[in-house]
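# Chains, contacts and geometry: an overview
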Amino acid sequence: MAREPKAPDREKQHSGASPADQWQPPQAADYEKLGAFYLGRPYDLETKRPKPGVLLYDSKDLVTHAVCVGMTGSGKTGLCIALLEEAALDGVPAIAIDPKGDLTNILLTFPELSPSDFRPWINEEDGQKRGLTPDQYAEQQAQVWRDGLASWGEDKDRIKRLRDAADFAIYTPGSTAGIPVSVLSSFAAPPQAIRDDGELLQERASTVSTSLLGLLRIDADPVRSREHILVSTLLSTAWAAGQDLDLASLIAQIQKPSVTRIGVMDVESFFPSKDRFALAMQLNNLLASPSFATWLQGEPLDIARLLHTTEGKPRVSVFSIAHLSDPERMFFVALLMDQILSWTRVQSGTTSLRAIVYMDEIFGYFPPVAEPPSKRPMLTLLKQARAFGVGMVLATQNPVDIDYKGLSNAGTWFLGRLQTERDKQRVLEGLEGAAAAQSSKFDKASAGELLAGLGNRIFLMNNVHEDAPVVFESRWAMSYLRGPLTREQIKLLVGDRAPVAAAPVTARAATDQRPSLPPDVVQRFIPERAGPSGSSLVYQPMAYGAAKVRFADAKKGIDVANDVTRVAPLGDGASAVDWDKGQPLEINMTDLGNEPSAGASFGTVPPGAVSARAYGAWSKDLAAWLYRNATLDMRQAAREQRDALVTRLRADYAPKIQRIEEKMRNAQQVVEREQGQARTAQVQTAISVGATVLGALMGRKALSATTLGRATTAARGAGRAMEQQQDVARAKEDVAAAQRDLESLNAEIEQRVTGMDSLALRPTKSNIDVAAVFLVWAPYWKDSAGALTPGW
C-alpha cells in the first residue's frame, strides 16, 4: 500500500503497514451508514496486522464528548480531521478551533485528484529534500492520495459528496488573511433566556471580563481583582437592562459608572476615580491600536451562522488562531466558547448529535489548577451540552497539564502513541475517572498494556458505550494533509468562499427624519448590535416575513412544524421584494422593537412599499417562495429516529442475550469434566455471540451480513464442540434463534432509516401558513467613508 513520503515536523498520513492480501478495501455499503462515522479498521497489536471489517463510530456516542490524546506524529490530527469529514458527510456542522494551523487542511479536498490540484498547496521544501521539482512533487502527492484513498475503499465521488454536503470556511480573528471576525458582538446583551437567569448572566459577564482584562495582561481574579469586579458588574448591569455595550461605551462607564455601589461600598471607595481612569486609558489604548482594528471588523460571532449558511446548509467553520499571541488566543477562545455556550442554552433538547465543537490543542486552555477564562465555559459545555446535542471533541499532545477531572465528562477517548511513561499514567488516570463518572468498567492494567504497544496512526478507543476498548488503525483522510498553510495560501483558499453576513441592501439616501408612512403600514425595528467606534446608526427599510411551515410524512413518521422568519431588501421595480435575495433572521417577531434608537438616521422607503396593499401581495409571494424552496433536511430527523430505535433495541435485546448465554452455560455444565477444550470452546462462543450482538447495536460494527457471518461462524464453532455432548441440538437451536433475532433487528433498522439520510422533505401548499409580512427597519453602521456594515 502507498505511503506518504516522510516529512519532518508534522503528522503524516499513510495507509498502514500491512500487506494488501491481509485486508481488502471495503465497499461503500460497508461504511456508508446513517449516523455511523467510518474512522478506520480494527487492528491486532500482537500480529501488527489489521483485522477483518471496518470500525464505525456511532455519532450518537459523540454527544457524550470525546478526547483525543497523542504525541506529535501519532496521527492525532489526521484522525480528528477524518471524524470532521464523516460528520460533514452526515450533515452535522462543526466549529473547529485551530491553534496550530493544521485544521485548515480540511478545505484541501480535490475530487479530481489531479497534480494541478495539489500544486498550489504542496510544501516545496519537502520536494526539494527528495530531489523533486515542485511539479514532480505535486504529481507524487496526487498519486499518493489516489492510491491511499483506494486502499481504504474511498474514491473521487466520496470527496465530491463531502464538498457538496457542507460549506467550509476559514476564519482568522485579528487578521484579514481569512474571513475576519468582529468581537463586538461579545459585548452585546445576551439572549433573554440568559438575562433571565442571574447565575448564567454573571457567568457570561465574568468570562468576558476575564478574557478582556487578560488581553491587557491584568491578573483578573474574579474574587480579588477590583478591575474584574468593576467590569463584570458594569457588563451584567447593562445586560440585565437589555443594553448592548461596546469598548467605547465600556470605557465611558468605567470613568462614570452606571452603578453607585459595589457590594456594600460606594464605587469611589472601592475603586477611586484616579485608578479607574488608568484602567480606562489602558482600554482606550487597546481600542486605538491599529493592530486591534482588525478585531472590530468582519463577521460577528453568531453561532447560528457559523454552523449553517443562510440557506441552511451545514458549515464547518475553522478558526485559525496560530498567528495570534498567547493573550490574544486566550481572549478569543474564551469569547468563542462563551458564545457557543449561550447558543447551546437556548436550543431545544435532543439526544442526537446536532453539532460538533472541536479544539485541536487544549494545552493551556484547560489546566488542572489555574482558571484561565477559557476553562469555565469549556467545562460547562462538557457538563451541559450533551442535553442539547452538542458534542465536544478536545485534543492534546501534552497530557500532563490537563484537568482530567474535568475531562471525566467525556465518554470516548481516542488514545494514540504517547511520549513518556508519565504521560501514559496521566491518561490512565483520566480514563479511570471517566469510567467512574459514567459508572462503567475499566481495566487499568489491560489498558496500560495496550497503550504501550501503539504505533503511528494506531489508536486505542475507550468508549463508555462499549463493553471493552478496541484498537484500530485510522483511515486515510480525504483532505490533503500538507501541514499548516501560509497567510497567502489561506487568502487563496478562502477566495470567494467568504459567506454573506447579511442580505444585500441598497444604500438609500439617509435623512435624520423617520419617513412618514400611512398608519396601516406596520413598522418594526430589528435590535442593533454594538457598532464600531466612530460609526453612526442608519436604518434601512426591508421586508419582513414570518411563517410556519409544516413538514409531514406519515410513512416515515415525520411531522415537524418549523417557524420561518426572513428579511429581504426592497427594490424600486415593479416587484419590490425578491425573497430569493433575502436571508433568515434569527430574531423572533416578538423581539422586534416598536421604536428606533435615539440619534439614528433613516433610508428612504421606495414607492412600492408605502401602501399596505403591497404587503398582502408580498405575503402570497412569500408563500410561493417557501413552497419552492423550503425543505426539511431529513438527516437530523433520521438520526434522531435511528438513535431512538437503537436505544430501545439496546434495552430490549440485552436481556435476550443474557438469557441465550445462560442457556449455553447450562449446556456446558453437562459436558464431561475431562473435556476441557470443549468447555473452553463453549465459553468463548457465548462471549462471541453476546459481544457481536451488543457490539453491533452499540455502533462499533456495522449491522451487516459480515457481522452476522462472524457470529454464525462462532456459533458453528460452538456446535462442533457441543456435538460431543448430549445437549447439542438444544444449544444449536438457541444459537440459531439468536441469529434470526439479530437478522430481524437488522432488517428493522435498515427499513426504518434506509434512504432518509439523502432526502429532503418539502411542504405542501396547505402546510404553509404566512403569519405576517410588514416593513422592518434593519440597523446598519456607517463609517466615515459612508460604507454600511450590518448591525444585527
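Residues numbered from 1 in each chain as written. Predicted model: local features only at pLDDT ≥ 70, side-chain atom pairs only at ≥ 80, totals over all residues. Heavy atoms only, no water.

Moving on, we come to the overall build of the chain. When helices and strands are tallied, the chain shows 23 helices and 26 strands. Within the chain, residue pairs in contact and separated by at least 24 positions form 77% of the contacts whose partners lie at least 6 positions apart. Carbon and sulfur atoms make up 50% of the accessible area of the chain, which amounts to about 32,900 Å² in all. (Helix = DSSP H or I, 4+ residues; strand = E, 2+ residues; numbered from the N terminus. Contact = heavy atoms within 4.5 Å. Areas by Shrake-Rupley, 256 points an atom, 1.4 Å probe, with all protein chains shown as cover.)

Let's shift gears to the pairing of strand 1 (residues 36–44). For strand 1, the tally of buried residues reaches eight of nine residues, placing the bulk of the element in the interior. Here four bridges tie strand 1 to strand 3 (residues 55–58), and the two strands are oriented antiparallel to one another. By the bridge assignment, glycine 40 is partnered in strand 3 with leucine 55. Relative to strand 16 (residues 470–474), strand 1 runs antiparallel, the two sharing three bridges. (Buried < 20%, exposed > 50% of the residue type's maximum accessible area, 1.4 Å probe, protein only. Pairing = 2+ DSSP bridges.)

Attention now moves to the packing of helix 9 (residues 226–240) against helix 10 (residues 247–255). Axis separation between helix 9 and helix 10 bottoms out at 11 Å; the angle between their running directions is 115°. The handedness of the crossing between helix 9 and helix 10 is right-handed. Contacts between helix 9 and helix 10 pair Leu230, Val231, Leu234 and Leu235 from the former with Leu250, Gln253 and Ile254 from the latter. The class makeup of the residues in the contact of helix 9 with helix 10 is six nonpolar, one polar and no charged. (Axes fitted to C-alpha atoms, helices over the stretch in contact; angles between N-to-C directions. Left-handed = near helix turned anticlockwise from the far one by under 90°. Nonpolar A, V, L, I, M, F, W, Y, C, P; charged D, E, K, R; others polar.)

What follows deals with the environment of isoleucine 458. Along the chain, the position of isoleucine 458 falls in strand 15 (residues 458–463). Judged by its relative accessible area of 6%, isoleucine 458 is buried. Taking the C-alpha atoms as reference, isoleucine 458 lies 6.3 Å from glycine 416; in sequence the two are 42 residues apart. Sequence-distant contacts of isoleucine 458, that is, excluding residues within four places in its chain, are made with Tyr43, Leu45, Leu415, Gly416, Val471, Phe472 and Glu473.

What follows is about the pairing of strand 11 (residues 315–320). In terms of residue burial, strand 11 counts as a mostly covered element, since six of its six residues are buried. By the alternation rule, side chains of strand 11 split into Arg315, Ser317 and Phe319 and Val316, Val318 and Ser320, which are all buried. Where strand 5 (residues 94–98) and strand 11 come together, five bridges link them in parallel fashion. Its bridge partner being in strand 11, isoleucine 95 is matched across the sheet by serine 317. Bridge analysis of strand 6 (residues 167–171) against strand 11 gives five bridges, and the strand direction is parallel. Looking across to strand 11, one finds that aspartate 167 is bridged to arginine 315.

Turning next to helix 17 (residues 444–452). For helix 17, every residue scored as buried is listed here: Ala447, Gly448 and Leu451. Taken down its axis, helix 17 places every buried residue within 105° of arc, on the same side. Set apart from the buried face of helix 17 by more than 90 degrees, the exposed residues are Ala445, Glu449 and Ala452. Tucked into the core, helix 17 has its buried residues touching strand 14 (412–415), helix 16 (421–437) and strand 15. A side-chain oxygen of the first residue of helix 17 lies 3.3 Å from the backbone nitrogen of alanine 445; this N-cap is aspartate 443. (Arc of directions from axis to C-beta. Polar contact = N/O pair within 3.5 Å; in protein donor to acceptor, adjacent residues only side chain to side chain.)

Here the focus is the side chain of arginine 475. Position of arginine 475 relative to the elements: it lies in the loop between strand 16 and helix 18 (487–494). Side-chain polar atoms of arginine 475 contact the backbone oxygen of tyrosine 38, separated by 2.8 Å.

Along the chain, aspartate 302 falls in the loop between strand 10 (299–300) and helix 13 (303–307). Taking relative accessible area as the criterion, aspartate 302 reaches 12% and is therefore assigned buried.

Okay, unusual backbone geometry next. At histidine 65, a residue that is not glycine, the phi angle is positive and equals roughly 75°. Residue position: histidine 65 is located in the loop between strand 3 and strand 4 (66–69). On the accessibility criterion, histidine 65 (0% relative accessible area) is buried. Even without being a glycine, arginine 457 presents a positive backbone phi close to 65°.

On inspection of all chains with the given rule, the structure shows 28 salt bridges. In this structure, arginine 119 and glutamate 124 form a salt bridge, with 3.2 Å as the shortest nitrogen-oxygen distance. By relative accessible area, which is 28% here, arginine 119 ends up partly exposed. For glutamate 124, a relative accessible area of 35% corresponds to the partly exposed category. Within the structure, one salt-bridge network assembled from shared partners comprises Glu32, Glu85, Glu86, Glu154, Arg158, Arg161 and Arg475. (Salt bridge = Lys/Arg side-chain N within 4 Å of Asp/Glu carboxyl O.)

Looking now at helix 9. Across its 15 residues, helix 9 extends 21 Å between first and last C-alpha, which sits within 8% of the 21 Å expected from 1.5 Å per residue. Where helix 9 is concerned, the buried positions are His228, Ile229, Leu230, Val231, Ser232, Leu234, Leu235, Ser236, Ala238 and Trp239. Where helix 9 is buried, its residues meet helix 7 (192–195), helix 8 (198–215), helix 10, strand 8 (261–262), helix 11 (267–270) and helix 12 (273–288). Of the residues trailing helix 9, glycine 242 is marked for its positive phi of about 75°. (Expected span 1.5 Å × (residues − 1).)

Evaluation of the coordinates by the stated rule reveals 21 aromatic pairs. With centroids separated by 5.5 Å and ring planes inclined at 25°, the aromatic side chains of tyrosine 539 and phenylalanine 602 adopt a geometry described as stacked. Of the two residues, tyrosine 539 sits in strand 19 (residues 536–553) while phenylalanine 602 sits in strand 22 (residues 601–603), which places them 63 residues apart along the sequence. Of the residues examined, tyrosine 539 reaches a relative accessible area of 1% and is grouped as buried. You can call phenylalanine 602 buried: its relative accessible area is 4%. Through a chain of ring-to-ring contacts, the aromatic side chains of Tyr171, Phe292, Trp295, Phe319, Phe331 and Phe332 assemble into a single cluster. (Phe/Tyr/Trp six-rings, centres within 6.5 Å; stacked < 30°, edge-to-face > 60°.)

This next bit is on the confidence of the model for the chain. For the chain, per-residue confidence averages 82 on the pLDDT scale, and 81% of positions sit at 70 or higher. Summarising per-element confidence for the chain, the mean pLDDT is lowest in helix 21 (residues 676–697) (47) and highest in strand 5 (98). Across residues 701–714, where pLDDT falls below 50, the model places 27 contacts with residues more than four positions away in sequence or in other chains. (pLDDT = per-residue confidence, 0-100.)

Counting residues in hydrophobic clusters, the biggest one holds 163 residues, and the most contacted among them are Leu336, Met337, Ile356, Leu407 and Phe414. Tallying contributions element by element places helix 14 (residues 326–345) first for this core, with ten residues. Discounting chain neighbours no more than four positions away, the residues touching methionine 337 are Ile97, Val357, Met359, Pro377, Met378, Leu381 and Met392. (Core = buried A, V, L, I, M, F, W, Y, C linked by side-chain atoms within 4.5 Å.)

As a packed pair, helix 8 and helix 9 sit with axes 8 Å apart at the nearest point and diverge in direction by 135°. In terms of orientation, helix 8 and helix 9 fall into the oblique class. In the crossing of helix 8 with helix 9, the sense of the turn from one axis to the other is right-handed. Between helix 8, through Leu201, Gln202, Arg204, Ala205, Ser206, Val208, Ser209, Thr210 and Leu213, and helix 9, the contact on the second element is made entirely by Glu227, His228, Val231, Ser232, Leu235, Ser236, Trp239 and Ala240. In terms of residue class, the contact of helix 8 with helix 9 is built from eight nonpolar, seven polar and two charged. (Parallel < 35°, antiparallel > 145°, perpendicular 65-115°, else oblique.)

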